[in-house]
Amino acid sequence: MDSLEVEHSLKVEHDGRVVTVRLHRPHVRNALNSALLTELLGVLRPLDKEPAVGCVLLTGSGEVFSAGADIREMAGRTAVELAAEDYFGAWEEFADLRTPKIAAVNGLALGGGCELAMMCDLVIAGESAVFGQPEIRLGVIPGIGGTQRLTRLVGRAKAMDLVLTGRSMDAREAEGCGLVSRVVPDDRVLTEALEAAATIASYSRTAVTAALDCVDRALETGLRDGIRFERRVFHALFATEDQKEGMTAFLEKRPPHFMGR
């Protein structure tokens, strides 16, 4: 496994077709700031176009995923300044990356940390993980998509509870309401996440990307239009070499060798 440290805010490891990105600001519980986002996009932007990368795993250093956005960076800012630079807007580029993203969460995932986890496609959490949007306690609201993604994932009633009271929920509650994909023992979080990432990375990247698009479309359109979109994508995949390889390998009772085309 090759490792590269990026300006002390991230640690990046390459293991086959899986890239692990570790938030590394332990002195502030991996708080998210503009410099970290710039580094994160600088690492992932080129990898998103790299056929050899099949999955990105995002986790935190120490016993915390991320305790939220860096309050010190924004406390003195004005509304005019934030609007002029569209503060937080660049996080949507991370959300829009087409390479599958898995969040491996131990400990706190609060505020921006919870929002970052929700931008990922799977969330694998340890039993000690804690999720929440406590921004109301600071006189503001979530600003990196929290009110929107949380409501779509857990429903209006639960989102209102979390956003308006600022309370946190444990991993089991988060799993029960649809925020977390699976809960595992704390000492198994990274192992389980890496296994899931390796499994996803072993499949046709073309098919995986199509699956991501279809599942995301389900949150943005009606059932009839979503089914029509899914069917068109299904048809289109029969123009790929990976479809031919996958079905031929199945009939020949051998493992497929996908090329992403």
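Residues numbered from 1 in each chain as written. Predicted model: local features only at pLDDT ≥ 70, side-chain atom pairs only at ≥ 80, totals over all residues. Heavy atoms only, no water.

Q: In this structure, what is going on with the overall build of the protein? I would like to understand it.
A: Each helix and strand in the protein was counted, giving 12 helices and 10 strands. The C-alpha atoms of the protein give 19 Å as radius of gyration, which agrees with the globular expectation for 261 residues (18 Å, within 12%). For the C-alpha atoms alone, the extent of the protein along its principal axes is close to 60 × 45 × 40 Å. Here the analysis covers contacts within the protein between residues at least 6 apart in sequence; of these, 64% occur between residues at least 24 apart. Side-chain charges in the protein split into 30 positive and 38 negative, and the spacing between the mean points of these groups amounts to 6 Å. (Helix = DSSP H or I, 4+ residues; strand = E, 2+ residues; numbered from the N terminus. Rg over C-alpha atoms; globule rule 2.2 N^0.38 Å. Contact = heavy atoms within 4.5 Å. Lys, Arg positive; Asp, Glu negative; His and termini not counted. Charge placed at Lys NZ, Arg CZ, Asp CG, Glu CD.)

Q: Looking at this structure, I do not really get the packing of aromatic side chains. What am I missing?
A: Think of a pair of aromatic rings as described by two things: how far the centres are apart, and how the planes are tilted against each other in angle. Counted by the stated rule, this structure contains two aromatic pairs. With centroids separated by 5.1 Å and ring planes inclined at 65°, the aromatic side chains of phenylalanine 234 and phenylalanine 238 adopt a geometry described as edge-to-face. Take phenylalanine 234: its relative accessible area is 49%, and that puts it in the partly exposed class. On the basis of relative accessibility, which here comes to 34%, the residue phenylalanine 238 falls in the partly exposed class. Sitting over the ring of tyrosine 87, arginine 77 keeps its end group 5.5 Å from the ring centre. When the ring centre of phenylalanine 94 is taken as reference, the NZ or CZ atom of lysine 101 above it lies at 5.4 Å. (Phe/Tyr/Trp six-rings, centres within 6.5 Å; stacked < 30°, edge-to-face > 60°. Buried < 20%, exposed > 50% of the residue type's maximum accessible area, 1.4 Å probe, protein only. Lys NZ or Arg CZ within 6 Å of the ring centre and 35° of its normal.)

Q: What exactly am I supposed to notice about the packing of helix H10 (residues 205-218) against helix H11 (residues 223-236) here?
A: Helix-helix packing is characterised by the crossing angle of the two axes and by the distance between the axes. At a closest axis distance of 9 Å, the pairing of H10 and H11 adopts a crossing angle of 175°. As far as their axial angle goes, H11 and H10 are roughly antiparallel. Counted together, Ala210, Asp213, Cys214 and Arg217 of H10 and Phe229, Glu230 and Val233 of H11 form the full contact between these two elements. In the contact of H10 with H11, the residues fall into four nonpolar, no polar and three charged. (Axes fitted to C-alpha atoms, helices over the stretch in contact; angles between N-to-C directions. Parallel < 35°, antiparallel > 145°, perpendicular 65-115°, else oblique. Nonpolar A, V, L, I, M, F, W, Y, C, P; charged D, E, K, R; others polar.)

Q: Would you take a moment to explain the sheet that holds strand S6 (residues 108-110) for this structure?
A: Paired through their backbone hydrogen bonds, the strands of a sheet run either parallel or antiparallel. The strand order across the open sheet built from three strands is S6-S8-S9, with neighbouring strands paired in mixed fashion. The open sheet has two free edges, formed respectively by S6 and strand S9 (168-170), since each of these has just one partner strand. Neighbouring strand axes in the sheet, compared pairwise and without regard to direction, differ in orientation by 20° on average. (Pairing = 2+ DSSP bridges.)

Q: Mind showing me how you'd approach the nonpolar core here?
A: It is characteristic of soluble globular proteins that their nonpolar side chains tend to be buried jointly. Judged by nonpolar contacts, the single largest core of 47 residues is most densely connected at Leu44, Leu58, Trp91, Phe94, Val105 and Phe131. Here the element with the most residues in this core is helix H1 (residues 34-47); it accounts for seven residues. For leucine 58, the contacting residues outside a window of four places in its chain are Val21, Leu23, Leu40, Phe65, Phe94, Ile102, Ala103, Ala104, Leu116 and Cys120. Ranked by size, the runner-up nonpolar core spans 14 residues in total, among them Cys55, Ile124, Val184 and Ala193. (Core = buried A, V, L, I, M, F, W, Y, C linked by side-chain atoms within 4.5 Å.)

Q: Sorry, what's going on with a nonpolar patch on the surface here?
A: Together, Ile71, Leu138 and Val140 make up an exposed nonpolar region whose accessible area comes to about 270 Å². Summarising the element assignment, leucine 138 is placed in the loop between strand S8 (130-132) and helix H6 (146-154). (Patch = residues over 30% accessible without salt bridge, like charges linked within 9 Å, V, L, I, M, F, W, Y side chains within 5 Å. Areas by Shrake-Rupley, 256 points an atom, 1.4 Å probe, with all protein chains shown as cover. Salt bridge = Lys/Arg side-chain N within 4 Å of Asp/Glu carboxyl O.)

Q: Can you help me understand the pattern of salt bridges in this one?
A: Side-chain pairs of opposite charge can arise where the charged atoms are in close proximity. This structure, assessed with the given rule, holds 19 salt bridges. Arginine 167 serves as the salt-bridge partner of glutamate 173, at 2.6 Å between the closest nitrogen and oxygen. For glutamate 173, a relative accessible area of 24% translates into the label partly exposed. A relative accessible area of 24% places arginine 167 in the partly exposed class. One network of salt bridges, with partners in common, ties together Lys158, Asp161, Arg167 and Glu173.

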